[in-house]
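Coordinates in review
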Amino acid sequence: MEKTLVVKGMHCKSCEVLLADVIGEIKGVSRASADSKKGVVVVEYSDAKALEEARKAIAKEGYKVVG
């Protein structure tokens, strides 16, 4: 499954790399990419728990999932 999350607070390439790396390490996530210009994070995942963990990881890094 794939979900696009709208994320506030990303400003640069470093933000993109940080989120993609952190989310990519979550069990059940097969791929994660972030685009600071569009303000989105795309997560490919295998179950709802992985998606929820991705949301938590984004918040833990200081960003806000708004959609």
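Residues numbered from 1 in each chain as written. Predicted model: local features only at pLDDT ≥ 70, side-chain atom pairs only at ≥ 80, totals over all residues. Heavy atoms only, no water.

1. Some words on the sheet that holds strand 1 (residues 2–8)
Stated formally: Criterion used throughout: strands pair if DSSP finds at least two bridges between them. For helices the rule is a DSSP run of H or I covering at least 4 residues; for strands it is a run of E covering at least 2, with both sets numbered from the N terminus onward. For this analysis, residues touch if any pair of their heavy atoms sits within 4.5 Å. An axis is simply a line fitted to the C-alpha atoms; with a helix, the fit covers only the stretch in contact. Between two such axes, the angle follows the N-to-C directions and lies from 0 to 180 degrees.
A sheet is described by the order of its strands in space; here four strands give the open sequence 2-3-1-4, paired in antiparallel fashion. Lying at the two open borders of the sheet, with one neighbouring strand each, are strand 2 (29–35) and strand 4 (64–65). Here strand 1 runs beside strand 4; their pairing, made up of two bridges, is antiparallel. Paired with Val7 across the two strands is Val65, which belongs to strand 4. Packing of helix 1 (residues 13–24) onto the sheet brings it into contact with strand 2 and strand 3 (40–45), and relative to strand 2 it is tilted by some 165°.

2. Looking at the state of the cysteines
Working definition: the covalent bond between the sulfur atoms of two cysteines is a disulfide. The condition that has to hold: For the purposes of this analysis, a disulfide is any pair of cysteine sulfur atoms at a distance within 2.5 Å. Exposed residues in this analysis have more than 50% of their type's maximum accessible area, buried residues have under 20%, and partly exposed residues fall in between, with area computed by a 1.4 Å probe over protein chains only.
Taken as a whole, this structure holds zero disulfides when the rule is applied. Among the cysteines around Cys12, which has no disulfide bond, Cys15 carries the closest sulfur, lying 3.7 Å off. In this structure Cys12 comes out as partly exposed when scored by relative accessible area, which is 33%. Cys15 sits in the buried class, given a relative accessible area of 9%.

3. What about the environment of Ala50?
Note on placement: Ala50 falls in helix 2 (residues 48–60). Take Ala50: its relative accessible area is 1%, and that puts it in the buried class. Between the C-alpha atoms of Ala50 and Ile23, which are 27 residues apart in sequence, the distance is 9.1 Å. Setting aside anything within four residues of it in sequence, one finds Ala50 in contact with Ile26, Lys27, Gly28, Val29 and Tyr45.

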